[in-house]
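Descriptive structure summary
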Amino acid sequence: MKHRSSRLALLVAAPLFFAGCLTPIDPPPTPAPIPSPVSTPTPGSVNDTDIPADLQARYLLDAGILAIRESYKQQDTTSLRVSDRLLGSVYGALVAVHHFHSANRDTAIGIHIYDSSPHTVWIVVKDDASWLAPWLRGELHTGQPTVDRLVAAAGLRLVGAQHSAYDPEQRVQFYSDGFVLVDRLSRQLKQTVPEIPFAYTDTFIADPGILLKPMETGFRLDYQVGWGDCQAGCISHRVWSFEVNADGQVRDLGASGPVRPR
């Protein structure tokens, strides 16, 4: 929680310290569209071709954020990106609920996770780092072996640098087409590269929207709407729950919690 609070404080303070100081690479990379992961293992090999492209993208973003949360619970502490298999499976579960027919489903599919930009990663670097100059020139490879290895493992592309005369550090912006496990990347960079105190992503802390619970044969998905002091996590919640098994079959578990006041 301490790390998330620190990142949030940085995001709030950034406009004051860096106003207009982003030095972009010319031309800046255009984020490539993320392909639908239906070719990866999904529950029941769910087909999403009947779903509009903008909704596919929204489900994929939800799946990526859920997969990031789930990845941090797993024993593997070295991978820096969400696996295609996990991402595809979670995406398939969301699509399976979309194809299901029930009144609860009609409400649930309108609920999504809010996250400002999980594909954007910031790496903070001390000004006196001897290997920093290539990043400031727009070159991805620094010649620092550990930095280059971890950046490649996370699948990052360089965007630009942010700097303030009042700050002895550079904030270098990257973009990833996949979903990066930024807390893990930050820890590995901090432990092995003295000039990097931490890395972070643009994150908005609010009601989680959708919760994922792995089950023996699939997933449980809880779609929730909260109200009442949601900056602190919301006091009340209404939840619509579904189970999606390994064959892509959906079971409506019903709704729980108080009805939101009008």
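Residues numbered from 1 in each chain as written. Predicted model: local features only at pLDDT ≥ 70, side-chain atom pairs only at ≥ 80, totals over all residues. Heavy atoms only, no water.

As a further point, take the sheet that holds strand S6 (residues 210-215). Strand order in this open sheet of four strands is S6-S7-S8-S9, and the pairing throughout is antiparallel. In the strand order of this sheet, the two ends are held by S6 and strand S9 (250-256), each with one partner. Strand after strand, the sheet turns through a mean of 15° between neighbouring axes, direction not considered. The strands touched by helix H2 (residues 53-71) within the sheet are S6 and strand S7 (218-227), with S6 carrying the most contacts at an inclination of about 55°. Sitting on the sheet, helix H3 (residues 84-99) touches S6, S7, strand S8 (236-245) and S9, and the angle it makes with S7 is about 70°. (Pairing = 2+ DSSP bridges. Helix = DSSP H or I, 4+ residues; strand = E, 2+ residues; numbered from the N terminus. Axes fitted to C-alpha atoms, helices over the stretch in contact; angles between N-to-C directions. Contact = heavy atoms within 4.5 Å.)

Further remarks concern the packing of H2 against H3. Taken N-terminus to C-terminus, the directions of H2 and H3 make an angle of 130°; their axes are 8 Å apart at the nearest point. In this view, H2 runs oblique relative to H3, as classed from their interaxial angle. Here H2 runs over H3; the crossing is right-handed. Contacts between H2 and H3 involve Leu55, Gln56, Tyr59, Leu60, Asp62, Ala63, Gly64, Leu66, Ala67, Glu70 and Ser71 from the former and Leu86, Leu87, Val90, Tyr91, Leu94, Val95 and His98 from the latter. Counted by class, the contact of H2 with H3 contains 12 nonpolar, four polar and two charged residues. (Parallel < 35°, antiparallel > 145°, perpendicular 65-115°, else oblique. Left-handed = near helix turned anticlockwise from the far one by under 90°. Nonpolar A, V, L, I, M, F, W, Y, C, P; charged D, E, K, R; others polar.)

A few words now on helix H6 (residues 145-153). Those residues of H6 that fall on the buried side of the exposure criterion are Val147, Asp148, Leu150 and Val151. Where H6 begins, the side chain of Gln144 points an oxygen toward the backbone nitrogen of Thr146, at a separation of 2.8 Å. In the segment just after H6, Gly155 is the residue with positive phi, at about 70°. (Buried < 20%, exposed > 50% of the residue type's maximum accessible area, 1.4 Å probe, protein only. Polar contact = N/O pair within 3.5 Å; in protein donor to acceptor, adjacent residues only side chain to side chain.)

Our next topic: the packing of aromatic side chains. Across all of its chains, the model carries six aromatic pairs by this definition. Between the aromatic rings of Phe100 and Phe242, the centroid separation amounts to 6.4 Å while the plane-to-plane angle is 75°, which identifies the pairing as edge-to-face. On the criterion of sequence distance, the pair formed by Phe100 in the loop between H3 and helix H4 (103-108) and Phe242 in strand S8 is long-range, its members being 142 residues apart. Relative accessible area serves as the criterion here: at 21%, Phe100 is assigned to the partly exposed category. Taking the relative accessible area as the measure of exposure, Phe242 reaches 0% and is therefore buried. Considering the side-chain rings of Trp122 and Tyr200, the 6.3 Å spacing of their centres and the 10° angle between planes classify their relative orientation as stacked. Highlighted residues: Trp122 in strand S2 (residues 117-126) and Tyr200 in strand S5 (residues 198-202), separated in sequence by 78 residues. Three or more aromatic residues link up through ring pairs in this structure, and these residues are Phe100, Tyr223 and Phe242. (Phe/Tyr/Trp six-rings, centres within 6.5 Å; stacked < 30°, edge-to-face > 60°.)

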